[in-house]
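Now for the letters of each chain:
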Amino acid sequence: MGIQIEVDAEALRRILKAEGIRNQERILAFSEVIRVAELGWYGLFSDTTISPLDCTGGQWHRQKPENAAFRTILECRIDADVLYIHAIVRRDETTYDRVCAMFQNLNR
C-alpha cells in the first residue's frame, strides 16, 4: 500500500497563518512530502532533505527543500506506515526553539 500522509488540517492551518507561510510555499512543502513518501521508508531516510531533530530524540524529522525559507516538520510512524505532518515553519533563528516547544507540548 505504501506510506500514507496524515495531518491535522485545522492545527496546520493555524501554524501556517502564524508562521506566515505563503500558498506557493505550502504547495512546495506538500509536493516534497509526497515525493519522499513515494520513495518508501528506505528511500525517505536516504533522502538528503530529511534529517532527525535532536530536540525530539529523533522522533520528529525536518524536511528542508533546496533554497526554501521554511521547514516541514514530520513524524515517521513506521509501524502504521504513516508520515505525519506536524508543521510547516518559517526558517529563522528561533525555528527549532518553536519546534521543540511544539514537541514538548504534545508529549506532556
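Our subject is the structure that appears above.
Below, the structure is looked at part by part. (Residues numbered from 1 in each chain as written. Predicted model: local features only at pLDDT ≥ 70, side-chain atom pairs only at ≥ 80, totals over all residues. Heavy atoms only, no water.)

1. Observations regarding the environment of Tyr 96
Here is step 1: By secondary structure assignment, the location of Tyr 96 is in helix α4 (residues 95-106).
Here is step 2: Along the primary structure Tyr 96 and Leu 53 are separated by 43 residues, whereas in three dimensions their C-alpha atoms are 8.5 Å apart.
Here is step 3: If we skip the residues at most four places from it in the chain, Tyr 96 touches Leu 53, Cys 55, Arg 62, Arg 71 and Arg 91.
Here is step 4: Polar contacts involving the side chain of Tyr 96 include one to the side chain of Arg 62, which spans 3.2 Å. (Helix = DSSP H or I, 4+ residues; strand = E, 2+ residues; numbered from the N terminus. Contact = heavy atoms within 4.5 Å. Polar contact = N/O pair within 3.5 Å; in protein donor to acceptor, adjacent residues only side chain to side chain.)

2. Describing the pairing of strand β3 (residues 60-63)
Here is step 1: Sheet topology note: the strand β2 (residues 50-52)/β3 ladder contains 3 bridges and is antiparallel. Note on β3: the bridge partner recorded for Ile 50 is Gln 63.
Here is step 2: Direction of pairing for β3 relative to strand β4 (residues 70-77): antiparallel, over a ladder of 4 bridges. Bridge pairing links His 61 to Leu 74 in β4.
Here is step 3: The loop that links β3 with its antiparallel partner β4 comprises 6 residues; one of these, Asn 67, has a positive phi angle of about 65°. (Pairing = 2+ DSSP bridges.)

3. Examining the layout of surface pockets
Empty space among the atoms becomes visible once a probe the size of a water molecule is rolled across them.
Here is step 1: What the largest pocket holds in volume is close to 200 Å³.
Here is step 2: Lining the largest pocket are 13 residues, and of these Ala 11, Ile 15, Tyr 84, His 86 and Leu 106 lie nearest its centre.
Here is step 3: With 4 residues, the top contributor of residues to the lining of the largest pocket is helix α1 (residues 9-19).
Here is step 4: Class assignment for the residues of the lining of the largest pocket results in 9 nonpolar, 1 polar and 3 charged. (1 Å grid on protein atoms, 1.4 Å probe; cavity = no way out; pocket = protein on both sides within 12 Å on 5 of 7 lines; lining within 4 Å. Points joined across faces, edges and corners; volume = space filled by probe spheres on them. Nonpolar A, V, L, I, M, F, W, Y, C, P; charged D, E, K, R; others polar.)

4. Describing the nonpolar core
Here is step 1: Counting 18 residues, the largest nonpolar core has Trp 41, Leu 44, Phe 70, Leu 74, Leu 83 and Ile 88 as its most contacted members.
Here is step 2: Elements represented by at least two residues in this core include exactly α1, α2 (23-37), α3 (40-46), β4 and β5 (82-90).
Here is step 3: Among the elements that line this core, the one with the most residues is α2, at 4 residues.
Here is step 4: Core analysis: the next-biggest nonpolar cluster, separate from the first, contains 9 residues, Leu 53, Ala 87, Val 89 and Phe 103 among them. (Core = buried A, V, L, I, M, F, W, Y, C linked by side-chain atoms within 4.5 Å. Buried < 20%, exposed > 50% of the residue type's maximum accessible area, 1.4 Å probe, protein only.)

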